[in-house]
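Chain residues, written in single-letter form:
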Amino acid sequence: MQFQELNLSAPLLDAVSQMGFTEMTEIQEKTIPLLLEGKDVIGKSNTGTGKTAAFSLPILEQMQQEDTDHVCTLILCPTRELAMQACDEIRKFSRFQKHVRPVAVFGGASMERQIYQLKNGANFVVGTPGRVLDHLRRRTLKLDQLKTIVLDEADEMLNMGFREDIEAVLAQLPEQRQTVLFSATMPPAILALTKQYQKDPILVQIQSAHRTVDAIAQYYVSVPMGRKTDALQLLLLAKKPNSAMIFCNTKKMVDELTEALTMRGFPAVGLHGDMKQLQRTQVMNGFKSGKNTILIATDVAARGIDVKGVDAVFNYDLPQDHEYYIHRIGRTGRAGKTGTAYNIISGRKQELEMRDISRYTKAEITEIDVPTSKELHSMAMDEEKQALLALTETEITDEAMVLTETILRHTEGEDGAKKILAAMIQQRLEQATKNLPTFDVPKPIRKGRRTGAKTVRVRINAGRRDRMAPNFILGALVEATGLQGTDFGKIDIHDQYTTVEVPAAESEMVIDTMKGGKISGKSVLVRRYEEWDNGKKSGGNYRKGQGKGQNGRNPDGRRGGEQRRSSRHGYNQNPRSGNYNRKRKKG
Ligand code: ADP
Ligand code: MG
């Protein structure tokens with residue numbers, strides 16, 4: 001259904017069409033008519049489905065009736081960015097309604113300016129709960145004549161601990177009012193809130209989670225542990241997104257990755273909840289203006305933020321919740337454009353999670369190889385070739401032509417001219433390739449060769465003193481290398497180090513993969529085990545297949561073989577096998 005078919009006044013319809021909206025989204029189609037009737041509504045729909053327009057247009061239509069100096073509408077949003085964003089959009093919708101005076105109020109910004117705007121006839125307030133409450137307490141904001149309140153991104157507001165603030169605001173509103181709630185998810189806490197504060201609310205739920213991801217091509221790369229940043233760098237260089245969002249699960253990871261990418265010369269900025277408001281605004285402005293083309297964020301920080309033209313989303317960490325996956329990749333492929341999502345995974349566990357996500361979103365997520373440095377090099381060559389060939393289109397100045405002819409007169413025949421051209425091309429090629437990485441990310445080997453394979457031992461510089469247990473070690477190895485638990489042989493834990501039997505054919509891969517890796521939070525070094533390592537004969541097991549025989553004893557008398565056995569099934573069942581097993585998702 002089209003906006004023009006709605007019973008809206010001309011100034012609103014004109015503004016909507018000036019914004020380029022024609023067809024309504026599902027949530028708009030289902031909620032706008034109800035809201036126009038003045039009903040209390042609960043709207044659930046994914047991020048990016050146009051909820052702002054869904055609640056603003058009916059409110060603006062109501063405000064068409066009268067020109068007031070008191071606040072008749074209040075929108076509560078979880079963050080400053082969302083408040084500003086919603087307020088900007090409302091300004092656009094109301095551009096032909098001079099009597100609508102929107103104002104955004106949020107923390108971390110000048111109180112005076114907000115007070116000034118409130119005093120000077122603002123009648124449509126968009127704000128964060130804390131600051132709104134602040135204004136209420138100072139009596140710089142009065143809501144006694146309010147007609148409509150909207151709780152936007154209600155779930156997020158509750159997540160952020162705004163419940164009490166919201167309730168304090170609601171307590172000051174007139175009984176007779178319209179209460180509207182929009183949310184991307186509908187946890188029980190939300191329903192409790194609606195029960196208490198809404199009157200006969202009508203629930204509108206737009207399901208079709210996967211609908212929004214249809215237009216997004218989804219890929220994953222599987223890389224050895226500790227190589228995600230390298231893989232990301234190669235992907236970014238090969239895919240060259242104009243604007244990309246990268247998601248991490250923790251604030252710490254956002255900081256680390258932002259630093260790593262910046263060091264590698266990418267225009268990246270990080271966004272998370274611990275940052276000061278001013279800093280967050282700067283980050284968002286830098287990203288929206290295109291100064292920084294890469295935004296690294298946590299789910300919460302990026303929630304609801306609408307930036308046009310994001311053409312790629314990267315999941316550096318897979319989200320802990322499948323819903324989040326949809327929210328994340330929904331940042332690209334907006335408004336009918338195609339987008340691309342890349343997932344960077346490491347280890348078997350994440351591979352299984354990837355499969356789960358693919359099933360959940362009913363979308364195909366295709367494995368691709370991490371681009372190699374060689375490929376990047378030849379891509380750069382190719383681009384230069386195209387750029388050079390395109391030079392035939394250039395308008396040549398007289399000055400350049402004169403110099404060219406002089407040079408040609410001074411060179412001997414065609415060979416001389418060729419040499420000059422080649423030298424110039426060479427300069428360009430050097431320029432184009434000088435910052436390309438020279439490293440590659442190996443593919444983790446997945447299929448183990450189990451029985452009868454020749455094994456060698458590797459030595460890990462962590463042992464009983466570091467509280468290593470066989471299943472921590474096996475879990476870490478399996479996770480990192482993609483080999484199976486059964487591919488590894490005996491694990492012997494000594495006081496200060498541990499030896500593990502690994503398939504000879506994979507030993508280098510294992511050592512390489514574990515480089516810079518951690519087990520149970522401890523950084524470890526892994527190398528080939530040498531005979532001299534065991535100068536004291538402190539109880540190493542030499543041969544595989546001797547089972548838990550008498551020579552399987554460790555110095556403290558415990559049997560290596562038994563430890564090994566207990567670990568055999570352990571790596572994915574023990575929820576605490578180091579930092580390789582992040583907490584399972586709730587649902
Ligand atoms: P949500 O609040 O559901 O996350 P927004 O209200 O922020 O979504 O809208 C997401 C984007 O889609 C915005 O850029 C908005 O301008 C645009 N948009 C909303 N409705 C439509 C529509 N009917 N047609 C085209 N674009 C729309
Ligand atoms: Mg929104």
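Before reading on, note that the structure itself is shown above.
It should be emphasised that the depicted structure is a prediction, and the values quoted were computed from it without experimental measurement. (Residues numbered from 1 in each chain as written. Chains lettered and ligands numbered in written order. Predicted model: local features only at pLDDT ≥ 70, side-chain atom pairs only at ≥ 80, totals over all residues. Heavy atoms only, no water.)

Novice: Explanation requested: the packing of aromatic side chains in the structure shown.
Specialist: Throughout the structure, instances matching the rule amount to five aromatic pairs. With a centroid separation of 5.7 Å and an interplanar angle of 25°, the aromatic rings of Tyr 219 and Tyr 342 are classed as stacked. Taken as a pair, Tyr 219 in strand S8 (residues 216–222) and Tyr 342 in strand S13 (residues 339–345) lie far apart in primary sequence, 123 residues in all. In this structure Tyr 219 comes out as partly exposed when scored by relative accessible area, which is 25%. In this structure Tyr 342 comes out as buried when scored by relative accessible area, which is 7%. (Phe/Tyr/Trp six-rings, centres within 6.5 Å; stacked < 30°, edge-to-face > 60°. Helix = DSSP H or I, 4+ residues; strand = E, 2+ residues; numbered from the N terminus. Buried < 20%, exposed > 50% of the residue type's maximum accessible area, 1.4 Å probe, protein only.)

Novice: Just checking my understanding: could you explain helix H8 (residues 163–170) for this structure?
Specialist: Since the α-helix advances by 3.6 residues per turn, residues separated by three or four positions end up pointing in the same direction. Residues Ile 166, Val 169 and Leu 170 constitute the buried set of H8. Buried residues of H8, seen end-on, are gathered within an arc of 100° and therefore sit on one face of the element. (Arc of directions from axis to C-beta.)

Novice: What is the right way to read the site of ligand 1 from this model?
Specialist: Taken together, 17 residues lie around ligand 1, and Glu 23, Gln 28, Gly 48, Thr 52 and Asp 306 are the ones closest in. At 2.9 Å, a side-chain N or O of Lys 51 approaches an oxygen atom of ligand 1. Between Glu 89 and ligand 1, the recorded distance is 3.5 Å, taken from a side-chain N or O atom to an oxygen atom. Surface burial for ligand 1 is 88%, taken as the share of its 570 Å² of free accessible area covered by protein chains. (Near = heavy atom within 4 Å. Polar contact = N/O pair within 3.5 Å; in protein donor to acceptor, adjacent residues only side chain to side chain. Areas by Shrake-Rupley, 256 points an atom, 1.4 Å probe, with all protein chains shown as cover.)

Novice: Looking at this model, I keep getting lost on the pattern of salt bridges. Mind explaining?
Specialist: Evaluated as defined, the whole model comprises 18 salt bridges. Here Arg 227 makes a salt bridge to Asp 230, at a shortest N to O gap of 2.9 Å. Note on Arg 227: relative accessible area 15%, which makes it buried. For Asp 369, the salt bridge identified is with Lys 443, shortest N-O distance 3.2 Å. Taken together, the residues Asp 369 in the loop between strand S14 (365–367) and helix H16 (373–389) and Lys 443 in the loop between helix H18 (413–433) and strand S15 (455–460) connect sequence positions 74 residues apart. Judged by its relative accessible area of 44%, Lys 443 falls in the partly exposed class. Overlapping salt bridges, with partners in common, bring together Arg 227, Asp 230 and Arg 264 in one network. (Salt bridge = Lys/Arg side-chain N within 4 Å of Asp/Glu carboxyl O.)

Novice: Which parts of the structure should I look at to understand a nonpolar patch on the surface?
Specialist: On the surface, Leu 403, Ile 407, Ile 420 and Met 424 cluster together to form a nonpolar patch covering roughly 350 Å² of accessible area. Taken together, the elements giving at least two residues each to the nonpolar patch come down to helix H17 (398–410) and H18. Here Leu 403 shows up in helix H17. For Leu 403, a relative accessible area of 53% translates into the label exposed. (Patch = residues over 30% accessible without salt bridge, like charges linked within 9 Å, V, L, I, M, F, W, Y side chains within 5 Å.)

Novice: Teacher, can you tell me more about the nonpolar core here?
Specialist: For soluble globular proteins, the rule of thumb is that nonpolar side chains tend to be buried together. Of all hydrophobic cores here, the largest spans 38 residues; its most connected members are Leu 57, Ile 75, Phe 124, Val 126 and Phe 182. The element contributing the most residues to this core is helix H3 (residues 51–63), with seven residues. (Core = buried A, V, L, I, M, F, W, Y, C linked by side-chain atoms within 4.5 Å.)

Novice: What should I look at first to understand the environment of Leu 60 in this one?
Specialist: Position of Leu 60 among the secondary structure elements: in helix H3. When the C-alpha positions of Leu 60 and Leu 8 are compared, they lie 9.4 Å apart, and in sequence the two are 52 residues distant.

Novice: Just checking my understanding: could you explain the side chain of Asp 230 for this structure?
Specialist: As for its placement among the helices and strands, Asp 230 is situated in helix H10 (residues 228–239). Ignoring any residue separated from it by four or fewer positions in sequence, one finds Asp 230 in contact with Arg 264, Phe 439 and Val 441. (Contact = heavy atoms within 4.5 Å.)

Novice: What am I meant to see in the packing of H3 against helix H4 (residues 80–93) here?
Specialist: Axes are the key here: two packed helices are described by the angle between their axes and the distance separating the axes. Where H3 contacts H4, the two axes come as close as 10 Å, and the packing angle between them is 45°. Looking at the two axes, H3 sits oblique to H4. Two packed elements cross with a definite hand, and for H3 against H4 that hand is right-handed. Every residue of H4 that contacts H3 at Thr 52, Ala 53, Ser 56, Leu 57 and Leu 60 is listed here: Ala 86, Glu 89, Ile 90 and Phe 93. Split by residue class, the contact of H3 with H4 holds six nonpolar, two polar and one charged. (Axes fitted to C-alpha atoms, helices over the stretch in contact; angles between N-to-C directions. Parallel < 35°, antiparallel > 145°, perpendicular 65-115°, else oblique. Left-handed = near helix turned anticlockwise from the far one by under 90°. Nonpolar A, V, L, I, M, F, W, Y, C, P; charged D, E, K, R; others polar.)

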